[in-house]
Amino acid sequence: MTANAKQKDTDQTMNFSADVARLLDIVANALYSNRDVFLRELISNAADACDRLRYDAIETPDLTKDNPNFRIHIYKDTDARTLTIVDNGIGMNRDELIDHLGTIAKSGTGALMEQMKAAKQDGADPLKLIGQFGVGFYACFMVASSVSVTSRKAGDTAAHTWVSDGRTGFTVEEASADDLAKLDGVRGTAITLNLKDDEGADFLVDEKLKQTIAQYSDHIDVKIFLNTPAQTESGEGQPANSASAIWKRPKSDVTEEQYTEFYRHITHGFDTPVLTSHWQAEGTIEYSALLFIPMMRPWDLYDPSRKGSVKLYVRRVFISDNMPDLMYPWMRFVRGVIDSEDLPLNISRENLQHNPILHKIRSSVTTRVLKDLAKLAKKDEPAFLTFWGQFGAALKEGLYDAHAHREDIFKICRFFSSHDGGESLMSLEDYIGRMKDGQKDIYYISGENVENLKNSPQIEGFKARGYEVLFFTDTVDEFWLQQVGDYQGKTFKSVTHGDIDLGDDDSSSAEDDVKDSAKKDSDDQALEALLSKFKDILQDEVADVRPSKRLTDSPVCLIAAADAPDMHMERVLKVQQNYAGMHKPILEVNPKHALVKKLISAGDEQVADAAMLLMDQALIIQGEPLKNPSEFARRMSEIMTKGL
Ligand code: ADP
Ligand code: MG
């Protein structure tokens, strides 16, 4: 058929855009194990088309005056080996057929290809990725050797037929009388699949078809009729699905499987959500919400152009799947449906965005989801930690973005800590429960990863004195820390920043007190002299050199001055915001360290080498680059040679 059309009128023959061609390649190669999703995709497109016309008909009722009942018909022809799906939704005109079925409007196919490659190398399941991108319409080429789409846009007179074998291109022509006869009344779309001999044969079996439709469409809000062509005049019989909006049903009427199917329908995925929240809000604002949190982070979670993914309905009319302000940006991983009873239907989507009811819904939904997450943390910790690993960093953006929800977010935040050497995630509640008598602050250290942080010299003194230190390793931590001073009256305090009063409760200082005070004075003077030599040698590198209380085992560490930003924060700002200022750190020296004690009586040249080596060491431990690595190596070898 395609070949004929090509010969007949080359003007009407068009090539797929490059990314469609690539996508079709993937469809042909990767999806074989899950072929029946094609039906899910076609049914979902048909239902979307009905949703869109339902919305447009609010303003232009004439569009549906021929038949206000939206419906989908699915039927097969065993002799011709075809399967046809008909909807009386909004339809497509010629340009739309070309644009929507010939190109991929959604960006990210390139990213999909990259990730597919990576997934294959890691032995991961590329199917999961496809789910995130949604191959949509093109999934039908898994089972069909050619596909014909006849469509008339609601309100138009012309109708067109698009035909393709899913390889290089497609044709578009005016619809023939036979094609037109497939449409349900004057509008909508009829898609006929010429089923492949092997891969498509299943779908000529009644049972298989019935079961697949039941699985994929029970929750669809449009009636689906099986085995009757759309033009059947006599009664339509029973629809194959219950065609009631699942979110409107009471929770007790919905099974776990139905929730999961609905989730897969809206996400185009194959996974199971970690959290399902379903409720009907009554009172000052009324709405139903059925929301899910996926198991896996979407590939574009941190892409600023990522759109919202909760669908807004108003009294069961679909409004938008990208309503800004319906959800907070830091909740952008939540999927599902919110259906408002209070929002007006007869105003534009743009004006809806500024409706105060929308903000009330957002606030109420946020509170509920955070509460459900807190419950999940108690009820099923492994599931909660899966969530946290995937979305914790995004959620923490809410700490500075939404003051009103801060306390609730903090309740579900989890951090690694020195308590168990960074082995497991802790809540702030855990931390506060373990605070020492008289401890006023929540101590933390931030850096690239737990592995580095747990061995940081700066936390030695805290650990030795029994103070727990939290490890902050997400970039976003540096941003909320700038805005949020405290939690439950306890100040967040960086152990690498400014002066810290650890009290003088360690036993060694008590020993010092009873020492001969003359000896102590001379020790102090000798240390002073050493530190001032250090200061001279390192004057370009550091703002100050001073004795440390933070250290027990290491000879030195770096600290940010009280009037400068914390060191890791400064690094993050430099990368993220092109922040130029680089403050010099303070070098803290451990007076009790054997090396430092020896240096007090060492010659100037040795002190100079040691100062520079110690400085470089401090940088290395923090994972920072050395200004002059070859100098470092030279000095190191020299000292080793002398030592041997
Ligand atoms: P998606 O549904 O995610 O947009 P698809 O590949 O499933 O991607 O469909 C591409 C586009 O083709 C849809 O966005 C829609 O504009 C159009 N389309 C597909 N099927 C239909 C249909 N039955 N009626 C109207 N438009 C349709
Ligand atoms: Mg689709």
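Residues numbered from 1 in each chain as written. Chains lettered and ligands numbered in written order. Predicted model: local features only at pLDDT ≥ 70, side-chain atom pairs only at ≥ 80, totals over all residues. Heavy atoms only, no water.

> Account for the pattern of salt bridges, naming residues and giving values.
Under the criterion given, the structure shown has 34 salt bridges. Residue R332 is joined to E397 by a salt bridge in which the shortest nitrogen-to-oxygen separation is 3.0 Å. Taken together, the residues span a long stretch of sequence, with R332 in the loop between β12 (317-320) and β13 (335-340) and E397 in the loop between α12 (381-395) and α13 (398-401) at a distance of 65 residues. The class for R332 is buried, based on a relative accessible area of 15%. (Salt bridge = Lys/Arg side-chain N within 4 Å of Asp/Glu carboxyl O. Helix = DSSP H or I, 4+ residues; strand = E, 2+ residues; numbered from the N terminus. Buried < 20%, exposed > 50% of the residue type's maximum accessible area, 1.4 Å probe, protein only.)

> Can you break down the sheet that holds strand β22 (residues 586-589) residue by residue, with the values?
The strand order across the open sheet built from 3 strands is β20-β22-β21, with neighbouring strands paired in mixed fashion. If you trace the sheet from one side to the other, it starts and ends with β20 (544-547) and β21 (556-559), each paired once. Adjacent strand axes in the sheet meet at a mean angle of 30°, parallel and antiparallel pairs treated alike. In this structure, β20 lies alongside β22, joined through 4 bridges in parallel fashion. (Pairing = 2+ DSSP bridges. Axes fitted to C-alpha atoms, helices over the stretch in contact; angles between N-to-C directions.)

> Describe the pairing of strand β2 (residues 71-77), with residues and values.
Burial within β2 is extensive, with 5 of its 7 residues counted as buried. Note: β2 against strand β8 (residues 223-226), 4 bridges, orientation parallel. Looking at the pairing, R71 lines up with K223 of β8. Taken together, β2 and the strand that follows it, strand β3 (residues 82-87), pair antiparallel across an intervening segment of 4 residues, in which R81 is found at a positive phi of about 55°.

> Got a sec to walk through helix α3 (residues 37-59)? Specific residues and values, please.
Over its 23 residues, α3 extends 34 Å from the first C-alpha to the last, a length consistent with the 33 Å expected when each residue adds 1.5 Å. Among the 23 residues of α3, 17 are classified as buried, and the element is accordingly described as predominantly covered. (Expected span 1.5 Å × (residues − 1).)

> Quick one: what's the story with helix α20 (residues 517-537), residue by residue and with numbers?
Over its 21 residues, α20 runs 30 Å from end to end, which matches the ideal 30 Å to within 8%, given 1.5 Å per residue. Burial in α20 covers these residues: L527, L530, L531 and F534. Along α20, the residues classed as buried sweep out an arc of 95° about the axis, all on the same side. When the buried face of α20 is taken as reference, the exposed residues oriented beyond 90 degrees from it are A518, Q525 and D536. Tucked into the core, α20 has its buried residues touching β20, β22, α22 (594-600) and α23 (604-621). (Arc of directions from axis to C-beta. Contact = heavy atoms within 4.5 Å.)

> Report on the side chain of R546, specifying residues and quantitative values.
If you trace the backbone, R546 turns up in strand β20. Given a relative accessible area of 16%, R546 falls into the buried group. A distance of 3.0 Å separates the side chain of R546 from the side chain of E588, its partner in a polar contact. If sequence neighbours within four positions are ignored, R546 has contacts with G498, D499, L531, I559, I586, L587, E588 and V589. (Polar contact = N/O pair within 3.5 Å; in protein donor to acceptor, adjacent residues only side chain to side chain.)

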